[in-house]
Amino acid sequence: MLPIFSVNASGKKDDKKSVGKKELREERRKEQHRKDSVSYVMAVRAVKSDSWVFSATSVTATGGPNVVVQPNVNFIKVDGKEMTFQTSTGFGGGPNNLGGITVRANVRDKVVSSDKHGDTTCSFRFSGTAINGKISITIPRNSSYAYAYINFDNGRALSMNGQVVPMAKAKMSVGSYVN
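Residues numbered from 1 in each chain as written. Predicted model: local features only at pLDDT ≥ 70, side-chain atom pairs only at ≥ 80, totals over all residues. Heavy atoms only, no water.

Participant: Would you mind showing me how to read the pairing of strand β3 (residues 75-79) here?
Facilitator: Where a strand is regular, its side chains alternate between the two sheet faces. Where burial is concerned, most of β3 is hidden: four out of the five residues are buried. Pairing analysis gives five bridges linking strand β1 (residues 51-61) to β3, with the strands arranged antiparallel. Bridge pairing in β3 links Val53 to Lys77. Bridge count between β3 and strand β4 (residues 82-88): five bridges; the pairing is antiparallel. Counterpart to Lys77 in the pairing with β4 is Thr84. The turn linking β3 back onto β4 is made up of two residues, and Gly80 within it adopts a positive phi angle of 70 degrees. (Buried < 20%, exposed > 50% of the residue type's maximum accessible area, 1.4 Å probe, protein only. Helix = DSSP H or I, 4+ residues; strand = E, 2+ residues; numbered from the N terminus. Pairing = 2+ DSSP bridges.)

What follows is the structure, encoded as structure tokens:
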């Protein structure tokens, strides 16, 4: 009788461990959801206040491959009515000395809207001496990630995945401006 009792007791311990792991996993998921919700609110507020940075973690040119990039050197920065766009390999060289290009442009016709799912989209036109076009950035509801689509007036386009953060929290390495 004793061996049967110890087997049952051991089985009960395993049940408690697995329930504990499930609860721990659920708690982690809830904590991540809370963090993402806070990040979402901060991103939307920053976009509405015209003081934000979209830090890209991957970039896809029209017809090209998706390339993982460094967020501190690949970004769209909006400060009031001025925008800075930078893309770079981070290996040096190039017009901005970071292996890419850094340009300024003026922001106009900005529209911020939310759809029925709670996703927020910020779109605006930009015009500068080196680049012109339209940007649309979507921040999915309760997410810390965002998606940007840049349609240049010369017919080229660029998609970026990343995160929108308030300017005060952004970590950027700005290269030399072309314009």
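Structure shown, so let's carry the discussion forward.
Participant: Any chance you could explain unusual backbone geometry here in plain terms?
Facilitator: It is generally the case that most residues other than glycine have a negative phi and that most peptide bonds are trans. The phi dihedral of Asp109 falls on the positive side, at around 55 degrees, and the residue is not glycine. Summarising the element assignment, Asp109 is placed in strand β5 (residues 100-114). A positive phi angle is found at Asn142, which is not glycine, with a value near 55 degrees. Relative to the elements of secondary structure, Asn142 occurs in the loop between β7 (132-139) and β8 (146-152).

Participant: I would appreciate a short explanation of the pattern of salt bridges in the present structure.
Facilitator: Pairing is possible between side chains of opposite charge, provided their charged atoms come close. By the definition in use, this model includes three salt bridges. Residues Arg108 and Asp109 are paired through a salt bridge, measuring 3.6 Å at the closest nitrogen-oxygen approach. A salt bridge links Arg125 to Asp153; the shortest N-O distance between them is 3.1 Å. Of the two residues, Arg125 sits in strand β6 (residues 120-127) while Asp153 sits in the loop between β8 and β9 (157-166), which places them 28 residues apart along the sequence. (Salt bridge = Lys/Arg side-chain N within 4 Å of Asp/Glu carboxyl O.)

Participant: Can you walk me through the packing of aromatic side chains in this structure?
Facilitator: A ring pair, where both rings are aromatic, is described by two values, the distance of the centres and the angle of the planes. For the coordinates displayed, the defined rule picks out three aromatic pairs. Taken together, a centroid distance of 6.1 Å and an interplanar angle of 85 degrees make the contact between Phe126 and Phe152 edge-to-face. Here Phe126 is found in strand β6, whereas its partner Phe152 is found in strand β8, with 26 residues between them in sequence. With a relative accessible area of 1%, Phe126 lands in the buried category. Accessibility expressed as a relative area gives 15% for Phe152, which makes it buried. Taken together, Phe85, Phe126 and Phe152 form an aromatic cluster joined through their ring pairs. (Phe/Tyr/Trp six-rings, centres within 6.5 Å; stacked < 30°, edge-to-face > 60°.)

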